[in-house]
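Now for the letters of each chain:
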Amino acid sequence: MAALRGLLARPLASYYLLLSSAGLLLLIGLTMVFSATSVKDFATKNGDAAASVTKQAVFAVIGVVAFWACQRLPARSFRALSRPALGVAVALLLLLNLLVALEALFRVESIGPLSAELLWLYLGPISIQPVEVAKFALVLWGAHVLARKGAALGWWKELATPLFPVVGLLFVLVGYNDLGSMLCLLALVVGLLWAAGVRMRVFAALSAVGLLGVGLLVAAASLGAGSGSRDADNYRLGRLTMWLDPPDPKTCFELDLPNCYQIIQARYAIEQGGWFGVGLGKGSLKWNWLPEAHNDFIFAVIAEELGVVGCVVVLTLFAVLAFTGLRIARRVEDPFRRLAAAGVSAWLVGQAVINVGGVTGLLPLTGVPLPFISDGGSALVVTLAAIGMLASFARAEPDAARALHARPPARWVRLVWAPLPPLPGRRRRPVTPPAARGSVPRSRARRSDEKAESPGARQARGRGGTASERRR
């Protein structure tokens with residue numbers, strides 16, 4: 001413990017913990033995507049077993065570039081980008097919902113090169129998931145608004161405008177199609193408000209409103225929300241009832257009950273893995289038995305192939321990531337950095353808890369991917385960009401900034417990697433106001449007044465007041 005405390009006391013401990021945990025999770029994710037997709041890709045893509053992992057690796061490289069760019073930006077750049085990013089996210093979500101509604105109501109599948117499929121927006125061959133952009137944009141904009149309000153957050157009026165209306169709009173635009181992502185946004189907002197020091201009664205009121213909103217979105221599945229339809233059972237309500245009262249596996253298969261097949265197959269995978277797993281790449285339930293094995297249920301593949309040990313390693317890395325994010329939020333001096341770090345930590349860890357809880361049966365199924373590990377390009381790029389912002393904040397911790405300035409790296413290292421952060425406590429000197437223009441300069445007028453005074457009066461005026469006033 002003494003050695004661990006010594007390592008954590010180092011100035012750049014947060015920075016290296018962030019890089020190591022995120023890097024290991026990314027490496028595990030690429031490995032498990034290859035394990036979960038290689039057999040299916042070999043059978044369906046002309047013997048190319050690495051098709052899916054190659055695509056994921058390309059997105060990982062793009063994400064590393066986004067990480068590098070975000071690590072170089074100061075806090076004022078993130079604050080300046082908050083409003084444009086939120087505007088882009090809302091526009092993409094509105095366009096996605098419009099295309100989905102046109103397809104459901106009028107069978108219009110596309111408008112020119114634009115098309116939509118539930119959660120994905122397509123522009124020809126390019127696809128994007130707008131909800132991932134909305135998560136990062138909400139972190140930037142929410143942290144900017146709360147940091148600007150400061151001590152005024154104790155008043156309901158300051159929270160009601162403009163934070164709550166914008167958050168409510170995002171919840172509706174996201175939750176109508178994807179309830180799980182809306183819960184991730186809710187965890188993000190809770191993290192922001194908690195870091196801002198909002199009173200507990202505000203959290204109680206928000207919890208009541210949030211439960212009511214979740215109930216309405218669950219009921220909206222009967223009207224076609226998400227992947228539901230008007231003439232089918234409410235799949236969101238079915239998942240909730242299956243979680244509250246899970247059936248016997250034999251009954252589930254014999255009666256072909258909906259909403260229980262995924263849960264049963266995930267539990268079979270966890271049971272088959274045992275303590276040490278069947279071996280990397282040797283799992284069998286991913287061969288069309290476990291739905292979405294490369295995405296939403298990739299944690300079940302980890303449990304089957306790497307066992308309890310592999311699951312503990314993944315959960316430990318997420319715990320280290322959560323600890324590092326909250327450590328950064330506690331140690332930085334800028335309110336915006338503190339709020340943004342808490343928001344990103346709540347978003348990533350909350351999403352991981354929702355995914356793992358759904359796979360293991362501890363929470364209802366919602367269908368959200370596991371950060372860093374699940375297959376998906378948009379989610380990986382945005383996640384690595386958020387980690388890059390956290391890395392920028394970690395370098396701006398007071399001790400880290402002093403250590404970096406004490407032994408600055410070479411110039412080419414700063415040009416390639418990241419510039420030096422500002423020293424803590426350094427403020428710009430206020431600019432001296434210019435002298436008033438007139439026929440007589442101020443200095444001459446002052447000298448003439450001093451000459452008009454008697455030397456005794458000037459001496460008495462110089463000795464008057466306390467010692468500190470005389471020094472001033």
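Residues numbered from 1 in each chain as written. Predicted model: local features only at pLDDT ≥ 70, side-chain atom pairs only at ≥ 80, totals over all residues. Heavy atoms only, no water.

1. Here's the deal with the overall build of the chain
Along the backbone of the chain there are 20 helices and four strands. Expressed as a percentage of its 472 residues, the buried residues of the chain come to 42%. Long-range contacts, defined as pairs at least 24 residues apart, comprise 65% of the intrachain contacts of the chain with a sequence gap of at least 6. (Helix = DSSP H or I, 4+ residues; strand = E, 2+ residues; numbered from the N terminus. Buried < 20%, exposed > 50% of the residue type's maximum accessible area, 1.4 Å probe, protein only. Contact = heavy atoms within 4.5 Å.)

2. Focus on empty space enclosed by the protein
Over the atoms, a rolling probe the size of a water molecule traces out where space has been left empty. Taken as a whole, this structure holds four cavities of 30 Å³ or more when the rule is applied. The volume enclosed by the largest cavity comes to roughly 90 Å³. Lining of the largest cavity is provided by 15 residues; of these, L370, P371, F372, A379 and L380 occupy positions nearest its centre. Of all the secondary-structure elements, those providing two or more residues to the lining of the largest cavity are α5 (130-149), α14 (335-360) and α15 (377-395). Class assignment for the residues of the lining of the largest cavity results in eight nonpolar, four polar and three charged. (1 Å grid on protein atoms, 1.4 Å probe; cavity = no way out; pocket = protein on both sides within 12 Å on 5 of 7 lines; lining within 4 Å. Points joined across faces, edges and corners; volume = space filled by probe spheres on them. Nonpolar A, V, L, I, M, F, W, Y, C, P; charged D, E, K, R; others polar.)

3. Focus on the pattern of salt bridges
Side chains that carry opposite charge are capable of pairing whenever their charged atoms lie near each other. Applying the stated criterion to the full structure yields seven salt bridges. K286 is the partner of E305 in a salt bridge, and the nearest nitrogen-oxygen pair spans 2.7 Å. Here the residue E305 occupies a position in helix α13 (residues 298-331), and K286 occupies one in the loop between α12 (261-273) and α13, the gap between them amounting to 19 residues. Relative accessible area serves as the criterion here: at 8%, K286 is assigned to the buried category. With a shortest N-O distance of 3.5 Å, D399 and R331 are connected by a salt bridge. One end of the pair, D399, is in helix α16 (residues 398-406); the other, R331, is in helix α13, and 68 residues separate them in sequence. The partly exposed category is assigned to R331, whose relative accessible area is 22%. Three or more residues are tied together by salt bridges with common partners; here these are R331, E397, D399 and R402. (Salt bridge = Lys/Arg side-chain N within 4 Å of Asp/Glu carboxyl O.)

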